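What the coordinates show
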Amino acid sequence: GFKDLVRACAEEAGIALRTGLRSRSSTDGVVPSRAGYPTATLVSVDRRNLMPHYHLDSDTPEHLDHRGITDAARLVETVARRLAVPLSGSGQSASR
């Protein structure tokens, strides 16, 4: 499934993932997920695996994890490129 694809792409790109984390509020991916679209939420967490500034007034540039943003962008690009590659002989992309 999609989560396996994201994990494989992270491994391919050398990006560490922590999966199964929970937040105090829902993420932006909940609406498309409930509509049946596959989603993955990419966030930065602190030493306690929490998102201390997510959607709060303290969610400001000085609290950004720039390495995490770079890794997220690389991962999204890797996933998008993998989905864009046609399956061998089918004429369809890997997302179908």
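Structure first, text after, so check above.
The structure contained in this document is the topic of the report that follows. Keep in mind it's a predicted model, so treat the numbers as computed, not measured.

Scanning the protein chain from terminus to terminus reveals 3 helices and 0 strands. Helices (α) and strands (β) of the protein chain occur, in sequence order from the N terminus, as α-α-α. The buried share among the 96 residues of the protein chain stands at 15%. Taking all contacts inside the protein chain whose residues are at least 6 apart in sequence as the whole, residues at least 24 apart take part in 61%.

To continue, consider the nonpolar core. For soluble globular proteins, the rule of thumb is that nonpolar side chains tend to be buried together. Counting 8 residues, the largest nonpolar core is built from Leu5, Val6, Cys9, Ala10, Ala13, Ile15, Leu75 and Val79. Those elements that place two or more of their residues in this core are helix H1 (2-13) and helix H3 (66-84). If one sorts the elements of this core by residue count, H1 sits on top with 5 residues. When residues no more than four places from it in sequence are discounted, the contact partners of Val79 are Phe2, Leu5, Val6 and Cys9.

The next point concerns H3. The end-to-end C-alpha distance of H3, which contains 19 residues, comes to 27 Å, matching closely the 27 Å that a straight helix rising 1.5 Å per residue would cover. Looking at H3, one finds that the buried residues are Leu75, Thr78 and Val79. Buried residues of H3, seen end-on, are gathered within an arc of 95 degrees and therefore sit on one face of the element. Looking at H3, the residues exposed on the side facing more than 90 degrees away from the buried face are His66, Arg81 and Ala84. Residues of H3 that are buried make contact with H1.

Thresholds, definitions, all that
- Residues numbered from 1 in each chain as written.
- Predicted model: local features only at pLDDT ≥ 70, side-chain atom pairs only at ≥ 80, totals over all residues.
- Heavy atoms only, no water.
- Helix = DSSP H or I, 4+ residues; strand = E, 2+ residues; numbered from the N terminus.
- Buried < 20%, exposed > 50% of the residue type's maximum accessible area, 1.4 Å probe, protein only.
- Contact = heavy atoms within 4.5 Å.
- Core = buried A, V, L, I, M, F, W, Y, C linked by side-chain atoms within 4.5 Å.
- Expected span 1.5 Å × (residues − 1).
- Arc of directions from axis to C-beta.

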